[in-house]
Every structure is written in structure tokens, then in C-alpha cells.
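The primary structure of each chain is shown beneath.
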Amino acid sequence: MTVKKSSISKLTSSQQNIFTASKLIGQMTMSTFGPFGMEKLTVNNYGDVFVLRDGKSILEKSDFDHPVAKILLDVSDTMTKNVGDGTISAILLTSFLLEQARINLEKGIHPNVIIDGYNQSLDFSLSLLDSLKFSIHDKSQWKNLVYSSLSSKFGTLESEKISQLTVDSIHNIDPLFSDPYTIDYINVLSHGGDSTLNSKLVDGIVFDADPLSKSEHLPLSDIRLAIISSSLSISDEGIKKEITINDPKFLNEFKKTEKQILADNLQPLIDNGINVLFSHKTIDDSLVSKLDSLGILAVKRVPMKSLEQIEKSTGSVIVNTSKEISKKTIGYCSNLTSMKMYDKNWFVLDHGSNHKSNTILIRTETQRYSDLYEDILHRILSLIRISMINPHVVFGSGWFEFILSNRLRSFSLTNNRLSQLAIHSYSNAIELLPISLGLNAGFNNIDLIVAIRNSQPSPDQYIHLDYSNRKLSNRKNPRIIESAFMKRQLLITATEAANSVLRIDDIHETKTQDK
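Definitions and cut-offs
- Residues numbered from 1 in each chain as written.
- Predicted model: local features only at pLDDT ≥ 70, side-chain atom pairs only at ≥ 80, totals over all residues.
- Heavy atoms only, no water.
- Axes fitted to C-alpha atoms, helices over the stretch in contact; angles between N-to-C directions.
- Helix = DSSP H or I, 4+ residues; strand = E, 2+ residues; numbered from the N terminus.
- Parallel < 35°, antiparallel > 145°, perpendicular 65-115°, else oblique.
- Left-handed = near helix turned anticlockwise from the far one by under 90°.
- Contact = heavy atoms within 4.5 Å.
- Nonpolar A, V, L, I, M, F, W, Y, C, P; charged D, E, K, R; others polar.
- 1 Å grid on protein atoms, 1.4 Å probe; cavity = no way out; pocket = protein on both sides within 12 Å on 5 of 7 lines; lining within 4 Å.
- Points joined across faces, edges and corners; volume = space filled by probe spheres on them.
- Phe/Tyr/Trp six-rings, centres within 6.5 Å; stacked < 30°, edge-to-face > 60°.
- Buried < 20%, exposed > 50% of the residue type's maximum accessible area, 1.4 Å probe, protein only.
- Polar contact = N/O pair within 3.5 Å; in protein donor to acceptor, adjacent residues only side chain to side chain.
- Core = buried A, V, L, I, M, F, W, Y, C linked by side-chain atoms within 4.5 Å.
- Pairing = 2+ DSSP bridges.
- Expected span 1.5 Å × (residues − 1).
- Patch = residues over 30% accessible without salt bridge, like charges linked within 9 Å, V, L, I, M, F, W, Y side chains within 5 Å.
- Areas by Shrake-Rupley, 256 points an atom, 1.4 Å probe, with all protein chains shown as cover.
- Salt bridge = Lys/Arg side-chain N within 4 Å of Asp/Glu carboxyl O.

S.K.: An account of the packing of helix H5 (residues 111-132) against helix H12 (residues 399-412) is requested, with residue identities and associated values reported.
M.R.: The N-to-C vectors of H5 and H12 enclose an angle of 130°; their axes lie 10 Å apart at closest approach. In terms of axis orientation, H5 runs oblique to H12. Note that H5 runs across H12; the crossing there is right-handed. Mapping the contact onto sequence places Gln-120, Ser-121, Phe-124, Ser-125, Leu-128, Leu-129 and Leu-132 in H5 and Trp-399, Phe-400, Ile-403, Leu-404, Arg-407, Leu-408 and Phe-411 in H12. For the contact of H5 with H12, a count of residues per class yields ten nonpolar, three polar and one charged.

S.K.: Describe in detail the layout of surface pockets, supporting the description with residues and values.
M.R.: Here the largest pocket defines a volume of roughly 890 Å³. Sorting the residues of the lining of the largest pocket by element identifies helix H4 (87-106), helix H6 (139-150), helix H13 (417-440), strand S16 (464-466), strand S18 (481-483) and helix H15 (484-502) as the ones contributing at least two each. Looking at which element gives the most residues to the lining of the largest pocket, the answer is H6, with four residues. For the lining of the largest pocket, the class distribution of residues is 17 nonpolar, 18 polar and eleven charged.

S.K.: Outline the packing of aromatic side chains, supporting the account with residue identities and numerical values.
M.R.: Per the counting criterion, the structure on display carries ten aromatic pairs. With a centroid separation of 5.5 Å and an interplanar angle of 65°, the aromatic rings of Tyr-118 and Tyr-426 are classed as edge-to-face. In this pair, Tyr-118 is assigned in helix H5 and Tyr-426 in helix H13, connecting sequence segments 308 residues apart. A relative accessible area of 0% places Tyr-118 in the buried class. Counting every residue linked through ring pairs, the aromatic cluster contains Phe-134, Phe-395, Trp-399 and Tyr-462.

S.K.: I'd like a rundown of the environment of Val-299, residues and numbers included.
M.R.: Position of Val-299 relative to the elements: it lies in strand S10 (residues 297-300). Looking at Val-299, the relative accessible area reads 0%, which means it is buried. Spatially, the C-alpha atom of Val-299 lies 9.8 Å from that of Phe-347, the residues being 48 residues apart in sequence.

S.K.: Quick one: what's the story with the side chain of Thr-359, residue by residue and with numbers?
M.R.: Within the secondary structure layout, Thr-359 lies in strand S14 (residues 358-364). The exposure class assigned to Thr-359 is buried, which follows from its relative accessible area of 0%. Here Gly-204 takes part through its backbone oxygen, which lies 2.7 Å from a polar atom of the side chain of Thr-359. In this structure, Thr-359 is in contact with Asn-187, Leu-189, Lys-200, Leu-201, Val-202, Gly-204, Ile-205 and Val-206, ignoring residues within four places of it in sequence.

S.K.: How would you summarise the nonpolar core if you had to cite specific residues and measurements?
M.R.: The biggest cluster of nonpolar side chains holds 98 residues, and the ones touching the most others in it are Leu-93, Ile-384, Leu-491 and Leu-502. If one sorts the elements of this core by residue count, H4 sits on top with ten residues. Not counting chain neighbours up to four residues away, the residues in contact with Leu-93 comprise Ala-429, Ile-430, Leu-433, Leu-490, Leu-491 and Ala-494. Listed in part, the 19 residues of the second largest apolar core include Leu-218, Leu-220, Val-276 and Val-299.

S.K.: Just give me the short version of the pairing of strand S2 (residues 49-52), but keep the residues and values in it.
M.R.: Taking every second residue as pointing to the same face, the buried face of S2 carries Phe-50 and Leu-52, while none of Val-49 and Val-51 on the other face is buried. Relative to S2, strand S1 (residues 40-43) is paired through four bridges, and the arrangement is antiparallel. Across the sheet, the residue bridging to Thr-42 is Phe-50, located in S2.

S.K.: An account of empty space enclosed by the protein is requested, with residue identities and associated values reported.
M.R.: Using the criterion set out here, one finds one cavity of 30 Å³ or more in the structure. If you go around the largest cavity, the residues you meet are Leu-93, Phe-400, Glu-401, Leu-404, Ile-430, Leu-433, Lys-487, Leu-490 and Leu-491. At the level of secondary structure, the elements contributing two or more residues to the lining of the largest cavity comprise H12, H13 and H15. For the lining of the largest cavity, the class distribution of residues is seven nonpolar, no polar and two charged.

S.K.: Could you give an account of the side chain of Ser-22, with specific residues and numbers?
M.R.: Residue position: Ser-22 is located in helix H1 (residues 13-30). Ser-22 sits in the buried class, given a relative accessible area of 1%. Discounting residues that sit within four places of it in the chain, Ser-22 has contacts with Val-68, Ser-95 and Leu-98.

S.K.: Could you give me a rundown of the packing of H1 against H4, with the residues and numbers involved?
M.R.: Packed helices, taken two at a time, are described by their axes: the angle between them and the distance between them. Axis separation between H1 and H4 bottoms out at 9 Å; the angle between their running directions is 140°. Relative to H4, H1 is oriented oblique. Remark: the crossing between H1 and H4 carries left-handed chirality. Touching Phe-19, Ser-22, Lys-23, Ile-25, Gly-26, Thr-29 and Met-30 of H1 are Ile-88, Ile-91, Leu-92, Ser-95, Phe-96, Leu-98, Glu-99, Arg-102 and Leu-105, all from H4.

S.K.: Explain the environment of Leu-157 residue by residue, including any values.
M.R.: Inspection of the secondary structure puts Leu-157 in helix H7 (residues 156-171). Taking the C-alpha atoms as reference, Leu-157 lies 7.3 Å from Leu-197; in sequence the two are 40 residues apart.

S.K.: So, H12: which residues are in play, and what are the values?
M.R.: Helix length check: H12 (14 residues) gives 20 Å between terminal C-alpha atoms against 20 Å at 1.5 Å per residue, within 8%. Here H12 lies mainly inside the structure; eleven of its 14 residues are buried. Listed in full, the buried residues belonging to H12 are Trp-399, Phe-400, Glu-401, Phe-402, Ile-403, Leu-404, Ser-405, Asn-406, Leu-408, Arg-409 and Ser-412.

S.K.: Break down a nonpolar patch on the surface for me, citing the residues and quoting the values.
M.R.: A grouping of Leu-41, Val-43 and Val-51 is seen on the molecular surface, where their side chains present a nonpolar patch of about 270 Å² in accessible area. Topologically, Leu-41 is positioned in strand S1. You can call Leu-41 exposed: its relative accessible area is 60%.

Here you go:
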């Protein structure tokens, strides 16, 4: 009778725990990858339900405690801060690299050998990327870049709509797409209760606030405006005060003194010819008639985010109190109007003296998704800013990854035996990215892998995933392009994260003891 011996892992329990956690997180996010990715339904501690496809949001809402999950969340944060996109790609590539490394560790290969091979592969990949990238030249290519990024987060129609609005908002200010600071003048506002297809672009800065007096003054033109961050009132500033008046005849004098103090606060507005006053906090109601008689439109409780946009566009300077208002802090713009939208009135400030501004109004099915959609669009704008600085792209749908994995296999043959295994593993991890895209789109796993190997992808042999027919195609698809800088950051971030995990041989939990 023959007894089959069970295989014994060469990994420590800590290493097994690390690689298992990485693999599970990779599998969880893989199904959301690409334009045909599925969605995740998450429920937080308060019972709120979220339907998500964005990698960063999924990890944040999942609230994992495992150290590897924290590392992968750092990978996602790095991509968000430096590029604005590519979060799921970075998480998956890190997970794939670690899984390939685990296979080599089980064969007895030392972690440092794998790390050296990964570093060699990274250098080779970055050199190949530089040789394949090409420049963006016109508005249609910018729209394709935005559409390619949004298609992994929204449906086709929604991606088409938002990408058009985004590109138009920039083109209206900077037709050449040459100034990365243009992004600072794009305001994003989301509101629930309607389809995303009903989103629109508005010239100017749109914001919600409380007019102190009736907005019958609007529309206004030739505006001289001032912005204060504190309240224009007799404020206790959080300090409890008590005043004792023994003689009733002094009560009227006390009230007169209060009104005089408030009136003195208006004197700087009169001296500088201000006709619009924005305040981040409240303005005393007793000033309504005085401000109306002076022809000053006062608006209170303006969000600080909107005030900062107004400051940039009009050249004004936010001051703490009205006494600090001077010619140097005044802002100028051509128009201030109101518009009826979503059953309420909004202010629209346009044609600031410093810079033109636009607002992208994003509609969401429910108010719950408003912040999420705003965050995604801000990250898309960050991607455009980076792309303006580094205006180079590569074709998408797996084109670059297919070529890179094929070239890496050839490159591995020029190295020693142990390095060959590590570089070949890096190639496998790269190849798994477009394979994951194909699987989510309904490709047959075996047929896809065989077709990739038989096609021998190269810069001269154009190969990409044809989602419509679920097969590889050699016809160029110029609509799907991706930022070369994003690809570069993706490779660097994922490789460094995988290498940092490979250097871990044990986990120790530090507990703080109460003395």
C-alpha cells in the first residue's frame, strides 16, 4: 500500500497569512475591474447601503483590519494622490505579484532573489513604456482619455455624458489644454434625485447660500465684492457674558450702542464701494434695512469651498472681519445671477476678473451617492492635470500589458536561472491584468490565454481586447487610451508595495500596557 505524503509549505505561518490575505483582497476587487466589472454592495455600521465599483471606495468602506489590507489601501491612496486613477489596477497588480512570489517561495527561492528580479523587470517595463507612449494633440483625444477612465466606474452612457461635460468645462477656459492650473477653476457640484444623464455644465461658480435680503437685487453687474470668514454680528465667540443694567433708562442706550457697533462694521464696505458681501458665517438680521439702503447684497453661510473658488476667480482675498477690507482685498466680476434648479435657488457668479470658472453639475440617483460622485470626478480632474503636465498616453484594452508581458519573457532568457523565474513571474502578473478585464467581459479563460500566446504581441503587431465580440482584435481602437504617467506610477507603486511585503518574515503585535 502506497501512502501519499502531504505537501508541506516552506512558508512560515505569518507568510502564509500575508499571502492569503493579499490573494483574497485581490479576488474581491478583481470582479469590479474594467468597464464590465461587477458592483459591490457594502453595508456600514450604521446600516447604510452603498453600491460601489471604485477600488478606493471599496477598500475604505470594507474597513479591513489586516496589515496587508492597510498596505493595499496605501497603494490605492498613492495612486489617488499622485494620479487620480488606476486604484484597482494597482491593487490587483500588487496582489498578482505577491501570488507569483508565493509560488517561487514555495520552490525555495529566496525573497531577495525575487525582489531583485522584480526590480529588473520594473526598469525594463519603464523603458518599454517610454518607447511606446505618444502625445495627445486635440480635444477628442482628451475626451477619449477621460472616457477610458470613467468607463470603469460608470455605464457607457453615463461615461459618455460626464466625459463630454468634463472636457467642455476645460476647453471653455483653456482651449489648448496647456495650463494645468485650469483645473483649479473647475467647480464640481452633485445633487441627488435624477439620472446622471441629466447632468450639465454651467458657466460660472454655482453655490448655495442664504441671502440676507431678498434676491430681488439680482442680476447684478460690475460687481465689487468682499469676503469675510467671521460673522458680522455682536458675537459672544463662545464666551458666556453677563451685563447688568440697574437703571431702565440705560437699556435704550445699550441697544443704540450695539447698533452703532454693527453700523461701524459696515463703514469699510461703504468706503470701498462694495456692492456684494459674502460671509462664511452669519450676518445680523438688524442690518437688512441698512444694507438694502446702501445697495449692498449680503449673502451669509456661503460654503468655504465656494468662497475659495470665488477668491481665485475674482482676485478677492478672504479676510476675517469687515475692518480688514481694503482695495487689496476686493474682488471683481461681471455677473451675479440666480438660477432655479432642483426646487431651490442657486447663486451663479461668472466672469471673474482673474479667471473664468465653470461648474459641472452632476445628478445622482440618490443624495447618498453625491459625495462619492464628486470624489470620483475630482480624481478625474487630477488625472487631467497630471496629463497636462505629462501629455503622453498609450493605447488601452490590454495593448501595453500584452506587449510588456511578451517582451519580459524574452528578457528573462538573458538572465541567470533564478532571475529568469522572478522576471517570468513578473510577466505573468502583468498579463493577468488584461486577462482579468477579459474574464469580467465574458471571455473564455482558456481561449483567451491561448490566443494571447499565439498572437505574439509587439509594437508592430497591434493586439487588444475586443469587448463587443469577446475576442482579441488587431484593429486599433483609438477611443480607449490611458495616461502613460498613470501606467508608470502603477508599475512603480505596485512593485514597491510587493517588495515591501516580501521583506516581511514575521508579524508581531505590539500591545500598549496600562501602567
